Amino acid sequence: MRSYVAQVHASTNMSATFAAPNEKPGAGAFLEAVKARRTIYALSKDSPIPDERIIEIVNEAVKHCPSSFNSQSSRAVVLLGAHHDKLWDFAKAAIKAVVPAEAYPASEQRLNGFQNGHGTVLFFEDEAVVKGLQDAMPTYAAHFPAWSEHAHGLLAFTVWTALEAEGLGANLQHYSPLIDADVAREFSTPESWKLKAQLVFGAPTAPAGPKEFKPLEERVKVFQ
Ligand SMILES: Cc1cc2nc3c(=O)[nH]c(=O)nc-3n(C[C@H](O)[C@H](O)[C@H](O)COP(=O)(O)O)c2cc1C
């Protein structure tokens, strides 16, 4: 069993073309998009961009986001129109079944906020891919579930940031496992696709709330 480093170095697929420094776009626009991405709950059913562009962004992100051993374990389902509304009806029914009756109105109000959005991206990780990696590389078996979660996080962040860079607002929700069975049935997802998160998006109708930052000196060390 070769180490991860040895495997990667032995890969024949290392002929990537590296652009000369003066052809690089620089990190400025990327970091501006990273800074501009916020959690936005106040959303309308409008969108500043066509649905085709939203779908293109999700496809680009799914294709290009990194994954351990290039396993490409992430999956996405884009819900628009009545499909988006249906998702949040499922969530309402699921929440209603588990919260005390007197708590439900507040939950329903929150869920109405998501349903008022333009659409939702469902993010999944394919557990069949993770199992395949574990079987093929037992040395790393214990790591693959976490690395799959990392891949999910990278994809969710990329889609979230990209949609907001085009003028949408978005927020990330986690209603698994309550909605998993309804989602699998309604959207015909394979059994091995494990639902991880729901990214709700729409035209922002109010800005993000304030955000506090811990001092960077406590979070970043530099040795130079
Ligand atoms: C892994 C992860 C899980 C999150 N889960 C939720 C969630 O379930 N519901 C929610 O409203 N926000 C969720 N958020 C949003 C965070 O609360 C938010 O990103 C954080 O407060 C920083 O605010 P910002 O997104 O505006 O920068 C999540 C964010 C991350 C990165």
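Reading guide: rules and limits
- Residues numbered from 1 in each chain as written.
- Predicted model: local features only at pLDDT ≥ 70, side-chain atom pairs only at ≥ 80, totals over all residues.
- Helix = DSSP H or I, 4+ residues; strand = E, 2+ residues; numbered from the N terminus.
- Contact = placed C-beta atoms within 7 Å.
- Near = placed C-beta within 6 Å.
- Nonpolar A, V, L, I, M, F, W, Y, C, P; charged D, E, K, R; others polar.
- UniProt positions renumbered as here; feature names shortened; annotations may be inferred.
- Buried ≥ 20, exposed ≤ 12 C-beta atoms within 10 Å, placed from the backbone.
- Pairing = 2+ DSSP bridges.
- Core = buried A, V, L, I, M, F, W, Y, C linked by C-beta atoms within 7 Å.
- Expected span 1.5 Å × (residues − 1).
- Arc of directions from axis to C-beta.

## As for the overall build of the protein
When helices and strands are counted, the protein shows eight helices and five strands. Reading the helices (α) and strands (β) of the protein from amino to carboxyl end gives α-α-β-α-β-α-α-β-α-α-β-α-β. C-alpha extents for the protein along the principal axes are approximately 60 × 40 × 40 Å. Contacts in the protein between residues at least 24 apart in sequence constitute 83% of all its contacts with a sequence separation of at least 6.

## Section: the site of the ligand
Inspection of the region around the ligand gives Arg38, Thr39, Asn171, Leu172, Gln173, His174, Ala208 and Lys211 as its neighbouring residues. Tallied by class, the residues present in the shell around the ligand amount to two nonpolar, four polar and two charged.

## Topic: the UniProt feature "domain: Nitroreductase" (unreviewed entry) in the protein
With numbering matched to this structure, UniProt assigns "domain: Nitroreductase" (unreviewed entry) to residues 34-202. A distance of 18 Å separates the end C-alpha atoms of residues 34-202, which is 50% helix and 19% strand.

## Section: the pairing of strand S3 (residues 119-126)
Counting buried positions along S3 gives seven out of eight residues, so the element sits mostly inside the fold. Where strand S2 (residues 74-80) meets S3, seven bridges bridge the pair, whose relative direction is antiparallel. Note that in S3 the partner of Ala76 across the bridge is Phe123. The pairing of S3 with strand S5 (residues 193-204) spans eight bridges and is classified as antiparallel. Across the sheet, Phe124 pairs through a bridge with Leu195, a residue of S5.

## A closer look at unusual backbone geometry
In this model, Ser176 is joined to Pro177 through a cis peptide bond whose omega is 0 degrees. Counting through the fold element by element, Pro177 comes out in the loop between strand S4 (169-173) and helix H8 (180-186). A positive phi angle, near 55 degrees, is found at Phe69, a position not held by glycine. As for its placement among the helices and strands, Phe69 is situated in the loop between helix H3 (51-64) and S2.

## Examining the environment of Ala197
With respect to the secondary-structure elements, Ala197 resides in strand S5. Residue classification places Ala197 among the partly exposed positions, given that 19 C-beta atoms sit within 10 Å. With 21 residues separating them along the chain, Ala197 and Ser176 place their C-alpha atoms 7.4 Å apart. Setting aside residues no more than four positions away along its own chain, Ala197 makes contact with Phe123, Ala156, Leu172, Gln173 and His174.

## As for the nonpolar core
Judged by nonpolar contacts, the single largest core of 34 residues is most densely connected at Val159, Leu163, Ala170 and Leu199. Within the residue set of this core, elements represented by two or more residues are H3, helix H4 (82-98), helix H5 (104-115), S3, helix H7 (144-165) and S5. No other element matches H7, which puts seven residues into this core. With residues near it in sequence (within four places) discarded, Leu163 still touches Ile54, Ile57, Leu168, Ala170 and Phe201.

## Remarks on H4
Taking 1.5 Å of rise per residue, 17 residues should cover 24 Å, and H4 covers 25 Å from first to last C-alpha, within 8% of that figure. Of all the residues in H4, the buried ones are His84, Leu87, Trp88, Phe90 and Ala91. Take H4 and look down its axis: the buried residues cluster within an arc of 145 degrees, on one side only. Residues of H4 that are exposed and angled more than 90 degrees away from the buried face: Ala82 and Ala97.

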